[in-house]
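# Chains, contacts and geometry: an overview
Read off the chains here:
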Amino acid sequence: MDANGIVRALIRDRVKLLGFIWAIVRDHHLADDVLQDVTVLAMERAAEIRDDEHLLLWSRKAARYKSLEILRSQAHRTLALDHDVLESLEAQWASVDAAATSDEVGYLRGCMERLTPHAQRIVHLRYTQGLSGIQVAEIIKVKVHSVYVALTRIHRALEECIRHRRQAAEGCT
Amino acid sequence: MTDQPGKVRDDSDQAADDFLASVLRYFDGDLNDAEVAELNQLLRGDPTSRRWFVEYCTRSCLIRETFDPERQALLRREHDTEPSATGGHTGIAGALRVFGPLQRATGDRRQSWRILAALCVLVGVAAVLLLWQWGGREREVLTIASLEDVVGDVRVVTAKGQSHRIESSAAIKSGDTIRTRGTESSAVLAYADGTRLTLVGNTSVMCGDHRSKSIVVHQGTLAASVKPQPAEKPLVLTTPSAQVQVLGTRFQIEALENRTDLSVTEGRVRLVRIRDQESVEVPDGKYATVTERNTLLVKDIPGLPSTWEETFEAGLPEGWARGKWVTDELPAGSKGAVKAAWGEVDSEGANYSVGSSEQWLQGLFAVQKNSHIHFTFKTEKQGWINIFIVTRTSGSDDARFSGNYLLRDFPKTGSGQWETVSIPLDKFKRIHRGMESLREVVPFKLLFVFDAPDRGLVIDRVWVTPDGPGRVVSEVIH
């Protein structure tokens, strides 16, 4: 692949890679940093990468090593998932590679609209403001357990809604 | 928001819920060793748990990428400034802008691969150096600002939930939440570059990432004086309904759960509604309001009017602080009134009270030489009732609580009859230190307060005019 092709592919699929990195480092900003490093590395190794599918597999491996490297360099951060579990997850992640991110964004937007304003607020606090369960609980003045219960239900609702929309779209094509 | 009506939850639903809750706590670092081991065991041995985990991570990142205005703005900026022939983003500089927080200068896409490779190595080395420096000096870097000029009830809550009352000053770290409580409380969040955020009244903000000035405003009022910020790293204030992006200016915001008011006194500020990303540029001398679905309009900052009125005809006004709306036994023609309710008034303990909304930014009314307050009311029992006018200083940039002005000699009728009373505002006496007259400050809250037993105070209408009889006049309504 050429460098431009790599950049285009990584921009298109950045969410899939960010999700994987975030699972390891558990910090969105750190995940951004790792993805940046992986991008630089992928451009350096462009000649070794065959196609988009190979790029995602390669990038995940590189991201795993970069993530572990960063965790090792920061004494207060630790790897909580075992190495064999990370390998299993890497294989599992390949199953979401086929989904087009642009379609998923459309489904997500539609499904978010269906959440109650309160649920939307919790999602906003958790994911766009990056707050922990404790911090969200303080803001909306409930117990932290209630926040986790609410988030769990929100995710279940989103998951089901997105799946229905995906199936409906696939049925149309 | 959650389960569909009629759907029966089974064991697999419960297992999924338990697993997701465990994953949420994993990302918060809240699992103990045994729970981490259990999570590993599930992910190792159960393909369904692995699928759920992967879907959760992907969906969470998709939400962040899709609904975080800051990230969307970054992607849009990249898209706007560097489109390729194929409509995508090309070049290492473009890639780095999109992928990471480290902003790089635009590169020439037609440079030779050798130059790109050299740049890659340099960027990599720089990134490693930055990470090394960050890791080595973490404690130093994480202190992002200091809390100064602390007045009243001010607390800092750490990211782990530990709360500390601040008496004079404090170092503020990334993730700290600062709370000021009570109308008399305030504090200044001071950054090393001279940027100052003044928090007043009942306000709560959380300081975000240490690499940029990002503030989450949970609720309340703050005034900001912002030194020029790098174009790619504006100061970002996020309220529950809007995001305010600032490059260097002075402004004030007031944030409620579903409404944000912004007034700009210098420079320009971008106001973005979080729900749909609609945005407006607000220049100096203007203000804008964001609610769930309003049309974003930029208007002139209105001058403080010399008249003010609340009639309670259609309920309590938005943001009304104290009292219960009542519709029975009203004066002829009236449809509603407010009855004093028992509850906590700031940090002064519980009382019966009727309290207006806090209009910190706009103020309630301007006080003139012959201003009067009028109200139509009734009380069932005799006893003292105090009226407070709560004020702030008049400067809009760095306004602070000024003082309370008190009227002690409230008419003690207790007859259950409706009366209208007019009182010159110069009868209100300042009870805080200082000699400022009411005309020199900005009233932002009005309170009627009394202790138990309940006097049965009901106010049908309250209003302020710039004129009046010049003395206390009371008239019974028959």
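Residues numbered from 1 in each chain as written. Chains lettered and ligands numbered in written order. Predicted model: local features only at pLDDT ≥ 70, side-chain atom pairs only at ≥ 80, totals over all residues. Heavy atoms only, no water.

## Some thoughts on unusual backbone geometry
Most peptide bonds adopt trans geometry, and most residues besides glycine take a negative phi value. Even without a glycine there, the phi angle at Lys141 of chain A is positive, about 60 degrees. With respect to the element layout, Lys141 of chain A can be found in the loop between α8 (133–140) and α9 (144–172). Owing to a relative accessible area of 66%, Lys141 of chain A belongs among the exposed residues under this scheme. Within the chain, Gln277 of chain B stands out as a residue other than glycine whose phi angle is a positive 70 degrees. Along the chain, Gln277 of chain B turns up in the loop between β11 (268–273) and β12 (279–283). (Helix = DSSP H or I, 4+ residues; strand = E, 2+ residues; numbered from the N terminus. Buried < 20%, exposed > 50% of the residue type's maximum accessible area, 1.4 Å probe, protein only.)

## Section: α8 of chain A
In an α-helix, one full turn covers 3.6 residues, which means residues spaced three or four apart are oriented alike. Of all the eight residues making up α8 of chain A, six are buried; the element is thus mostly covered by neighbouring parts of the structure. Two residues or fewer after α8 of chain A comes Lys141 of chain A, characterised by a positive phi angle close to 60 degrees.

## Some words on the pattern of salt bridges
A full pass over the atoms with the stated rule returns 35 salt bridges over all chains. Between Arg44 of chain B and Asp82 of chain A there is a salt bridge; the shortest N-O distance is 2.6 Å. Of this pair, Arg44 of chain B sits in helix α2 (residues 33–45) while Asp82 of chain A is found in the loop between α4 (52–73) and α5 (83–93), placing the two residues in two different chains. On the basis of relative accessibility, which here comes to 28%, the residue Arg44 of chain B falls in the partly exposed class. Note that Arg268 of chain B and Glu281 of chain B form a salt bridge whose closest N and O atoms lie 3.4 Å from each other. Of this pair, Arg268 of chain B sits in strand β11 while Glu281 of chain B sits in strand β12, placing them 13 residues apart in sequence. Given a relative accessible area of 36%, Glu281 of chain B falls into the partly exposed group. (Salt bridge = Lys/Arg side-chain N within 4 Å of Asp/Glu carboxyl O.)

## Thoughts on the environment of Thr158 of chain B
Residue and element names in this part refer to chain B. Note that Thr158 resides in the loop between β1 (143–157) and β2 (163–165). As a C-alpha pair, Thr158 and Ile172 span 14 residues in sequence and 9.1 Å in three-dimensional space. With residues up to four places along the chain from it excluded, the contact list for Thr158 reads His164, Gly175 and Asp176. (Contact = heavy atoms within 4.5 Å.)

## Notes on the pairing of strand β7 (residues 235–238) of chain B
Residues and elements named next belong to chain B. Side chains Leu235 and Leu237 of β7 all project onto a buried face; the interleaved residues Val236 and Thr238 project onto the opposite face, where all are buried too. Where strand β6 (residues 214–225) and β7 come together, three bridges link them in parallel fashion. Counterpart to Ile215 in the pairing with β7 is Leu237. Inspection of the sheet shows β7 paired to strand β8 (residues 242–246) by four bridges, in the antiparallel sense. Its bridge partner being in β8, Thr238 is matched across the sheet by Gln243. From the end of β7 to the start of β8, which pair antiparallel, there are three residues. (Pairing = 2+ DSSP bridges.)

Honestly, that's just the spatial picture; any functional story needs more than this.
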